[in-house]
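Chain and residue survey
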Amino acid sequence: MVNLLQNGDVCMEELKEETPMFCINDNEDVLVEILRRLDGRSLGSAACVCKMWCGIARNDALWEHLCFRHVSPPPSGVRPVVMALGGYRRLYMVCVRPVLSRLGRMRVRVGGGESDLVSRVWTRQEVELSLSLFCVDYYERLLGGGGKLGDAPASSLIFLCKTVNV
Amino acid sequence: MGPYDSSVSAGSSSSSGSSSSCSGKPADTIDGLLAGAGYRVRSSELRQVAQRLARLETVMVNAPTEVSHLANDAVHYNPSDLASWVDSLLSELHQPEIAPDPSTFSDLNYIAHTQAGHVLVNPMVSHRELSAGTEIEEDSGIRLVHVLMTCAESVHRGELSLAASLIEELQGLLTSVDGERGIGKVAGYFIDALSRRVFAPQGASLADSAFENAVLYHHFYEACPYLKFAHFTANQAILEAFSGHDCVHVIDFNLMHGLQWPALIQALALRPGGPPLLRLTGIGPPSPDGHDSLREIGLRLAELARSVNVRFAFRGVAASRLDDVKPWMLQVNPKEVVAVNSIMQLHKLLGSDPSRGSPIDPVLGWIRNLNPKIVMVVEQEANHNQPEFLDRFTEALHYYSTMFDSLEAYSAQLEKSLAEIYIQREICNVVCCEGLARVERHEPLVKWRDRLGGAGFTSLHLGSNAFKQASMLLALFSAEGYCVEENEGCLTLGWHSRPLIAASAWQAMPNIHSHE
């Protein structure tokens, strides 16, 4: 019987022989592989587990994968632009997640049968729109901070945070 | 006969019968403690009176305007008969059991009813129908619009003393409608504009500092999608026009905070084949205190362009009016591809000076001489430039009612109020000003088509990409009711099938004849 303990340790109960315990925290590459497959909300929760997981979960490469793993075709040359404008984690939180959930909800209502947002394939235009909105966010923070970048989402994107009135 | 035989029917009906039908209670004993304080209340009614007092307090706290209306009344109630005093006050304050549902009636219905003359306006509100609080609200709203139109008519005919007394009546009527939403709010702004026109024609236009204007514009950008639609649609068309060119120059007729350009810079950064050299010339009003706001915006845009590796150059042109700009100031290089971007600026040139004529024609002339690859024109879809005041007023009432309606869905109160002030300035300009002071001379798309066609431009169709992008942008807004429509290659954004803003793309017609 395999148990996953609270601190990430995996231990086997009722062992007859001595087997070395597998600790996920000692195997960062495995952890990263697991985290790569999570959706945004779970990735956010994972970042709350412990300092080490937080450090790993905040790695922008994971969020890049999350943003665009289902985009068909995958956009090229986007990375330097996104990094310059604030990084993939911010892109996901400020633009991708609200855009996906709003447009996903519209689609479901219109009659596409998909309920799982994560497996939806982005159209190129949705990607472009998210990136443009992300750029507006960056610029507004630039304007608002008098040249220094703040952290709060810029004012004109706050509409993305509100729920849809159906 | 008890105090509950009076006209009150709402709210108290559930408990009004009890005083006559209850048994086993000392129904007629006056409460001794309250009697000592001067109030006569039956012991059996204590609980009901207490409940009603609590309700009265809630109503007075929540609707202070109605209470002040009450304070102006000369009717006195005798508070020592506490029960009937409370009931009379509650009935005065029109407190129905169920809150009225204003969303069932759009403001346009009020206007339509009034104009069609089908509604018999009955200003005497019947206190017997208190449970239909909505009906009172409707009647007041309809009457309000009726008097508003009468007042506009009297202004139109020059009967200013009649207009003045109608304005006073309107201000009184405003207190009986909800001034926070719907017809009450829009009417409030129009009444304010009319009173400025009638009482203070010299100072009629609201003093605008460029800084204030830019702030209000920013909040208007945030609170509703009209400007975002304008920017994104224009950017899409400009991006497509710039495809394949390495040296591009955008001329923005109203830079403000430059909110339109980050998205274009980012799109150019990511375009296949790499970004071009982008020059941006931003036109804006001169800054009063020597501090160069145009240059500051240019610096921020340059910073953004540098972060995403787009070669960028900015130039600011300070001019208080668009017709003060001369083409040499724009320093257009013959090798570059030019895009002209005018978001709600061209209509300001339609006013005519008796000596010089209308500035729109020379301006369109020099735009054409720049030989731009694309001219983006976004304008309000309204007919606010009609020569007759009454026609303008009526059209503006419809247009801005629809716009305020669409704004209601936005919940951040501060931004919404500032956006409303932005709209209010437009309203004041349309209603109060005349001659050269009236700059908000909106004309509908059909008129712009004629005008631009006559000035040597042909229409460029905005493609399906622009349409899809606009639809997606709208889907992201919380209010359902916005609609994007395609109109012979132009896109319009409207609220519930009334278009409010129209975007069109143009290019200079090639000269067919080699000489004039």
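A few points on the structure. Note that this is a predicted model, so its numbers are computed, not measured.

**Concerning a nonpolar patch on the surface**
- A cluster of nonpolar side chains, A:F22, A:V30 and A:I34, forms an exposed patch at the surface whose accessible area comes to about 240 Å².
- Here A:F22 is to be found in strand β3 (residues 22–23).

**Concerning helix α4 (residues 46–62) of chain B**
Residues and elements named next belong to chain B.
- With 17 residues, α4 should cover 24 Å at 1.5 Å per step; its first-to-last C-alpha distance of 24 Å lies within 8% of that length.
- Where α4 is concerned, the buried positions are Q48, V49, R52, L56 and V59. For α4, the angular spread of buried residues about the axis comes to 90 degrees, placing them on one side. Residues of α4 that are exposed and point more than 90 degrees away from the buried face comprise R47, E57, V61 and N62.

**Re the nonpolar core**
- Formed by 145 residues in total, the largest nonpolar core has its most connected members in A:L91, B:F190, B:Y226, B:F393 and B:Y400.
- For A:L91, the contacting residues outside a window of four places in its chain are A:C67, A:F68, A:V82, A:V96, A:S130, A:L131 and A:F134.
- Grouped together as the second largest cluster of nonpolar side chains are 26 residues, B:I251, B:F253, B:V340 and B:L370 included.

**Section: the pairing of strand β4 (residues 337–343) of chain B**
Residues and elements named next belong to chain B.
- With 7 of 7 residues buried, β4 is to be regarded as a mostly interior element.
- With burial as the criterion, each face of β4 is covered, one bearing V337, A339, N341 and I343 and the other bearing V338, V340 and S342.
- As defined by bridge partners, β4 adjoins strand β5 (residues 374–380) across 5 bridges and the pair is classed as parallel. Residue I343 lies in a different strand from β5, and its bridge partner there is V378.
- Following the chain from β4 across helix α15 (residues 360–369) to the adjacent parallel β5, one finds a crossover that is right-handed.

Cut-offs used in this document
Residues numbered from 1 in each chain as written. Chains lettered and ligands numbered in written order. Predicted model: local features only at pLDDT ≥ 70, side-chain atom pairs only at ≥ 80, totals over all residues. Heavy atoms only, no water. Patch = residues over 30% accessible without salt bridge, like charges linked within 9 Å, V, L, I, M, F, W, Y side chains within 5 Å. Areas by Shrake-Rupley, 256 points an atom, 1.4 Å probe, with all protein chains shown as cover. Salt bridge = Lys/Arg side-chain N within 4 Å of Asp/Glu carboxyl O. Helix = DSSP H or I, 4+ residues; strand = E, 2+ residues; numbered from the N terminus. Expected span 1.5 Å × (residues − 1). Buried < 20%, exposed > 50% of the residue type's maximum accessible area, 1.4 Å probe, protein only. Arc of directions from axis to C-beta. Core = buried A, V, L, I, M, F, W, Y, C linked by side-chain atoms within 4.5 Å. Contact = heavy atoms within 4.5 Å. Pairing = 2+ DSSP bridges. Right-handed = clockwise from strand over helix to strand, strands pointing away.

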